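Topology and contacts: notes
These are the residues of each chain, in order.
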Amino acid sequence: MSQVAQWLDGLGMSEYAARFAENRIDFSVLSELTDQDLKDLGIVLGDRRKLLRAIRELDAEPSAPPADAAERRQLTLMFCDLVGSTTLSASLDPEDLRAVLSAYHRCCAQTVERHGGFVAKYMGDGVLVYFGYPQAREHDAEHAVEAGLDFVEAVPKLATPAGAPLQVRVGIATGMVVVGDLVGSGEAQERGVVGETPNLAARLQGIAEPNAVVIAAGTRRLLGDLFELQHLGPQDLKGIPGPVPAWAVLGARKVESRFEALHAGGLIPLAGRAAEAETLARCWAKAEGGEGQAVLLSGEAGVGKSRLIADLIERLASQPHRRLRYYCSPQRTASAFHPIISQLERAMGSAQTDSAADRLDKLDAMLAQTSPFITAAQTPAQRRQRTLDALVDRVDKLARPEPVLLVFEDAHWADPSSLEWLGRVLERAAHLRLLVVVTFRAEFASPWSGRPGVTTLALDRLSKRDAGAMIDRLAEGRVLPPKVRNDIIDRADGIPLFVQEMTRAVLEADGSALDAVPATLQASLLSRLDRLGDAKEVAQLGAAIGREFSHDLLACVAAKPIAQLDRSLDRLVAAGLLFRQHPRPHATYLFNHALVQDAAYGTLLREARRTIHARIVDAFESRFADIVSTQPELVARHCTEAGLIEKAASLWGRAGRRSFARSALWEAAEQLSRALAQVASLPGSPTLRREQIQLQLDLSNALIHTKGHASPETKASFDQARSLIEQAAALGEAPEDPLVAYSVLYGFWVANRMAFNGPVARELAAQFQALAQAEGATVPLMLGHLLAGISFVVTGDLAAGKSELAQTIALYDPVEHRVLATRFGHDVRVSALAWRAFASWALGDSEASLADRRSAVGGAREIGHAATLMFALSHVSLTLLHAGRRGEAAPLIDELIELADGKGTLYWKSYGLLLRGWLAALKGESVQAVEIIRSAMADMRSTGATGYAPWYLSILARAHAELGQFDDARRCISEALAAMAATDERWCEADVHRRAGEIERLAGWSAGLVARHRDFDRSSPS
Ligand SMILES: Nc1ncnc2c1ncn2[C@@H]1O[C@H](COP(=O)(O)OP(=O)(O)OP(=O)(O)O)[C@@H](O)[C@H]1O
Ligand SMILES: [Mg+2]
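Since this is a predicted model, take the numbers as computed values, not measurements.

Moving on, we come to the overall build of the chain. Broken down by element type, the chain carries 47 helices and 16 strands. Seen through its principal axes, the chain has C-alpha atoms that stretch 110 × 75 × 65 Å. Counting across all 1022 residues of the chain, residues that qualify as buried make up 51%. Partitioning the intrachain contacts of the chain with sequence separation of at least 6 by distance along the chain shows that 67% fall at a separation of at least 24. Approximately 43,800 Å² of the chain is accessible, and the part contributed by carbon and sulfur atoms is 52%. Taking the average place of the 112 positive charges on the side chains of the chain and the average place of its 125 negative ones, the gap between the two points comes to 3 Å.

Shown next as structure tokens:
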């Protein structure tokens, strides 16, 4: 008999075995079957319900903890202790004492079991209980507190030989621990827990009053307003540093809505969801008019179902209506009518009792007041039917005098009787002034969709924009670093709950990046993994590989029979934790949520992580060598995590250089920094020191583009390179790379050229040339001419500059010298051409200028190196605008800005914007011009660059003058003149003086003349 046939047999439905076999339904697809699938198989409604339930249970089967699996986990620990046990033992006969203790233990075990805890250890009269192990559940902290309250209530009622009622103290704390190590052997074997939390729970127990429950801050923050608490103030606890806040739990709060109790601190405004809110409002309008409606609101956990209902309720606040709200609970899936009884209890203000039978009796008694025939029913089945009838009638009656909004939340946890009730209410709804909103997660197959008057509303994840809006709201004016904000948006995957909790965690940590799953999400994420049995281990392996992983690689790392691995993967897919892309054997898998991946990875202990990463590295090297060469950064990460430092350093370096060559500038900077971080922890050797120098220079070159030529980071990096070179020289180690010394000189020259210091730039260029001439090698000589040429041009010695640049161009050989672009900022020839084009124009040779402009842009495009292209586009546009060729410049400027934006380089973007601002000024759009130039100027200066100031300040001054703002114009032009004198930046000296003159001329004219002048100026050719 097949496995599925056996399973059906066990359910008493073996008649379907043949149909399952014919349709090739095996265990791997069982959990994906929907109600419709079963209908298509010809299975009747009752059996479909039973089958779907059985499938759900199959998925939810908790697994026994693997034999040796210790894990990092967040647990809520409860420590209970009997009050006055020493006195008891002194006063009681040992046999009586034994009876007392066993009654106490039994009561504890029963209470804990009822609330889903795990008794880890009895220590005489002390008991340690885990909530969240071996199976995490979404509301562990809440269950622990409920268990504590029940226990302190039950213990004094125990009948024991002690005479007086027993008393107990309970302490509860939540935190990260390592749990699962087997301690002891045989009977005494237990799963130990290590961390501060057990001690904290024990100490809190110590300060509790008899028959009281005291909780720690970690637990308190998970409870919202679900319990009445009394703040006990800061406590000094032995063995725990600092005063510790503590709360006594006075009791459970009667809350109308769990959602509201958990959000007592207030809600941020609804982000997005306009269409969904509108649908709900429309359905309400219809319902109010007597055309009853139902909305089936589905979506994954935390996507915002309850929040949308809160929004609806708020919108209806001023309209007369009655609200009926029902909540299903994961702990009460088998407790008949649980949500309905709770609603009635709340409505009647009666106390909550725990026994399901008691509650049913109570329900009957309540209903009997209006429907006396219930208790007269003969059989339990009849009684149940009549109860149902009465409950449905109740909704009917309530909806007569005024419209009713009936919210049934979390139907995936509903007991069958409540579901039947809901189905009957829905059947009746059409003729009532009733809107029923049912919320549920994906695992619930709603049998009601497609019926008339029933709208299905599936909530999708939020857009990145809406997620961003949520973050900004939650931050309440505090600005998070953009990287941290983006990281939240990426990792939250559009789930509002994740956005919210990650943002809060970041805010609590003062804006620093998150390196762990927030405490408030631990239980919910872990519970999804714990349900998976053995498949969890596969999730952990996958998580170590990455958000996305291939079947092939996983199979290499997993060391498991393929069939077993595939079963686990199927299970992960069926549980919605993984997406499968492409069919097997070429399947790749993607974690549905980055946070599920983080949670799975987070449970692994350090040593286990290292071992898995080392296995991944092995697998890459032995089976996927192409990935090692094409995506070194992928393997480098695993080497780092596996502690394979040398390999990691070399791969990060390789990755950084590849990224830089491909103009992925930020990635390059990041990867090169990682390489250097790894190298720093290795023992020094000549080879390593050489590599370190090279990496430092590469990083400096990447930083030029990402942080700016003259930024403190770039300067520090070049300084570090120089000091590494000096250290190596002091050890008598000659550099392997002959250009090392030149690279450093280049770095200093660039910094002085950007944070403009003309004399120093010229002096450094001269030093460079002297060194090159002494050596006589082509590359240094060519570079020397370039540095000297640019230095001459920018300091206003145009003819000398032009001649140096001509020599650079003459020495350039594309085959040999193209590679220099990644070491000296930009392609050497393109740089020389771009500046010579300006010099030629300024010297009056327009034809030569035109030829150089074309060669510069054409050459840069051919090379395809982003930094070179940005260099060419900016300098060529600058010359074009000087030459009055606005039409030609405009598209190049647009291209520059777009490219710089894409590459994330602020320096080049601000250069592009300055050009755009000037273009606007030349077109007479002075208002825009002032605005653009001012903001671009600030951006450029933020990168540490002060070069070009005479130019942009003078065009800004001229634009102010056009607007009649002569004070601003004079201030700017004076600054331009002062900058020119101070730094010797004189390439545009004549223009600056001309603009100064024009400003004075305009200022001297009357307003009418200014206007006439403006018209005249615009009609002139440039
Ligand atoms: N569109 C939104 N704008 C702002 N906050 C939101 C939005 N959607 C959800 N939230 C917030 O995110 C959190 C999770 O939302 P909610 O509790 O409504 O999810 P849910 O779908 O009901 O999840 P569950 O299935 O666990 O009940 C809540 O704190 C809620 O206030
Ligand atoms: Mg909800």
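There is more to say, and it comes next.
We now examine the sheet that holds strand β14 (residues 548-550). Taken together, three strands build an open sheet; the order of strands is β14-β16-β15 and the sheet is antiparallel. Of all the strands in the sheet, just β14 and β15 (578-581) have a single pairing partner and so form its edges. Put simply, the sheet's adjacent strands are angled 25° from each other on average, direction ignored. Relative to strand β16 (residues 588-591), β15 is paired through four bridges, and the arrangement is antiparallel. Residue pairing in the sheet places Arg580 in a bridge with Tyr589 of β16. Against the sheet, helix α23 (residues 551-558) engages β14 and β16, with an angle of about 80° to β14.

Burial analysis of helix α22 (residues 535-545) places 10 of its 11 residues in the buried class, which makes it a mostly covered element. When we look at burial in α22, the residues that qualify are Ala535, Lys536, Val538, Ala539, Gln540, Leu541, Gly542, Ala543, Ala544 and Ile545. Positive backbone phi, approximately 155°, marks Gly546, located one or two places after α22.

Mapping Thr160 onto the fold places it in the loop between α8 (140-154) and β4 (168-183). Thr160 sits in the buried class, given a relative accessible area of 19%. Look past the residues within four positions of Thr160 in its chain and what remains in contact with it is Val100, Ala103 and Leu166.

Attention now goes to the pattern of salt bridges. One pass over the full model with this rule turns up 55 salt bridges. Among the ionic pairs, Arg441 bridges to Glu138, the shortest N-O distance being 2.8 Å. Within this pair, whereas Arg441 is found in the loop between β12 (434-440) and β13 (454-458), its partner Glu138 is found in the loop between β3 (126-131) and α8, the two being separated by 303 residues in sequence. Classification of Glu138 by relative accessible area gives partly exposed; the value is 22%.

This brings us to the site of ligand 1. Around ligand 1, the surrounding shell holds 22 residues, and the nearest of these are His263, Gly302, Lys305, Arg307 and Gln500. In the model, a nitrogen atom of ligand 1 is placed 2.8 Å from a nitrogen or oxygen of the Ala271 main chain. Within the backbone of Gly302, a nitrogen or oxygen atom sits 2.7 Å from an oxygen atom of ligand 1. Notes on ligand 1: free accessible area 630 Å², of which the protein chains cover 93%. Put simply, the parts of the chain that give the shell around ligand 1 at least two residues each are α13 (305-315) and α20 (496-508). Tallied by class, the residues present in the shell around ligand 1 amount to 11 nonpolar, five polar and six charged.

Our focus in this paragraph is the pairing of β12. β12 sits mainly inside the fold: seven of its seven residues count as buried. Residues of β12 alternate between two faces, with Leu434, Val436, Val438 and Phe440 on one and Leu435, Val437 and Thr439 on the opposite face, all of them buried. The pairing of strand β9 (residues 293-298) with β12 spans six bridges and is parallel. Following the sheet pairing, Leu297 is matched in β12 by Thr439. In this view, the connection linking strand β11 (residues 404-409) to its parallel neighbour β12 by way of helix α17 (residues 416-429) has right-handed handedness.

What follows is about the confidence of the model for the chain. Summarising the model, the chain shows a mean pLDDT of 88, and 92% of its residues fall at 70 or more. Per-residue pLDDT stays below 50 along residues 61-67; that stretch engages in 11 contacts with residues further than four places along the chain or on separate chains. Every residue in residues 1016-1022 is under pLDDT 50, and counting partners more than four places away or in other chains gives seven contacts.

Each disulfide consists of one covalent bond between the sulfur atoms belonging to two cysteines. Counted according to the given criterion, the structure contains zero disulfides. Unpaired in terms of disulfides, Cys80 finds its nearest cysteine sulfur in Cys108, a separation of 4.8 Å. Of all cysteine sulfurs, the one in Cys639 lies closest to Cys556, which takes part in no disulfide; the gap is 16 Å.

In this section: the sheet that holds β12. Reading across the sheet, the five strands line up as β10-β11-β12-β9-β13 and stay open at both edges, with parallel pairing between neighbours. With one partner strand each, in any of the chains shown, β10 (322-327) and β13 form the two edges of the open sheet. If you compare each strand with its neighbour and ignore which way they point, the axes differ by 15° on average. Sheet topology places β9 next to β13; five bridges connect them, and they run parallel. Of the residues in β13, the one forming a bridge with Leu297 is Leu457. Across the face of the sheet, helix α14 (residues 338-348) comes into contact with β10 and β11 while running at roughly 135° to β10. Docked against the sheet, helix α16 (residues 380-398) engages β10, β11 and β12, running at close to 150° with respect to β10.

Next up on the list: the packing of aromatic side chains. Using the criterion set out here, one finds 30 aromatic pairs in the structure. Between Phe718 and Phe748 the ring centres are 6.5 Å apart and the planes differ by 55°, which places this aromatic pair in the tilted class. Placement of the pair is Phe718 in helix α32 (residues 712-730) and Phe748 in helix α33 (residues 740-754), with a sequence separation of 30 residues. The class of Phe748 is buried, set by a relative accessible area of 17%. With centroids separated by 6.2 Å and ring planes inclined at 85°, the aromatic side chains of Trp835 and Phe838 adopt a geometry described as edge-to-face. With Trp835 and Phe838 both in helix α38 (residues 828-842) and three residues apart, this pair spans about one turn of that helix. Taken as a pair, Trp835 and Phe838 share a single burial class, namely buried.

Turning our attention to the environment of Phe118. With respect to the secondary-structure elements, Phe118 resides in strand β2 (residues 118-123). Put simply, Phe118 and Glu278 are 160 residues apart on the chain and 46 Å apart in space, counted from C-alpha to C-alpha. Other than its neighbours up to four places away in sequence, Phe118 contacts Val112, Leu128, Val129, Tyr130, Tyr133 and Pro134.

A few words on helix α40 (residues 866-882). Along its 17 residues, α40 runs 24 Å from first to last C-alpha, staying within 8% of the 24 Å computed at 1.5 Å per residue. Counting buried positions over the 17 residues of α40 gives 17, a clear majority of the element. Of the residues one or two after α40, Gly884 is the one with positive phi, at around 80°.

Its place among the elements puts Arg836 in helix α38. We classify Arg836 as buried; its relative accessible area is 18%. Side-chain polar atoms of Arg836 contact the side chain of Asp852, separated by 2.6 Å. When neighbours within four sequence positions are excluded, Arg836 is seen to be in contact with Lys802, Leu805, Ala806, Ile809 and Asp852.

Looking now at the environment of Leu565. Counting through the fold element by element, Leu565 comes out in helix α24 (residues 562-574). The buried category is assigned to Leu565, whose relative accessible area is 0%. For Leu565 and His551, which are 14 residues apart along the polypeptide, the C-alpha to C-alpha distance reads 9.5 Å.

As a further point, take unusual backbone geometry. Most peptide bonds adopt trans geometry, and most residues besides glycine take a negative phi value. Here Tyr133 and Pro134 are connected by a cis peptide whose omega angle stands at 0°. Along the chain, the position of Pro134 falls in the loop between β3 and α8. Positive phi values are uncommon outside glycine, yet Asp493 reaches one of about 55°. Mapped onto the elements of the fold, Asp493 is located in the loop between α19 (482-492) and α20. Overall, Asp493 belongs to the buried group, its relative accessible area being 15%.

Conventions we followed
- Residues numbered from 1 in each chain as written.
- Chains lettered and ligands numbered in written order.
- Predicted model: local features only at pLDDT ≥ 70, side-chain atom pairs only at ≥ 80, totals over all residues.
- Heavy atoms only, no water.
- Helix = DSSP H or I, 4+ residues; strand = E, 2+ residues; numbered from the N terminus.
- Buried < 20%, exposed > 50% of the residue type's maximum accessible area, 1.4 Å probe, protein only.
- Contact = heavy atoms within 4.5 Å.
- Areas by Shrake-Rupley, 256 points an atom, 1.4 Å probe, with all protein chains shown as cover.
- Lys, Arg positive; Asp, Glu negative; His and termini not counted.
- Charge placed at Lys NZ, Arg CZ, Asp CG, Glu CD.
- Pairing = 2+ DSSP bridges.
- Axes fitted to C-alpha atoms, helices over the stretch in contact; angles between N-to-C directions.
- Salt bridge = Lys/Arg side-chain N within 4 Å of Asp/Glu carboxyl O.
- Near = heavy atom within 4 Å.
- Polar contact = N/O pair within 3.5 Å; in protein donor to acceptor, adjacent residues only side chain to side chain.
- Nonpolar A, V, L, I, M, F, W, Y, C, P; charged D, E, K, R; others polar.
- Right-handed = clockwise from strand over helix to strand, strands pointing away.
- pLDDT = per-residue confidence, 0-100.
- Disulfide = S-S within 2.5 Å.
- Phe/Tyr/Trp six-rings, centres within 6.5 Å; stacked < 30°, edge-to-face > 60°.
- Expected span 1.5 Å × (residues − 1).

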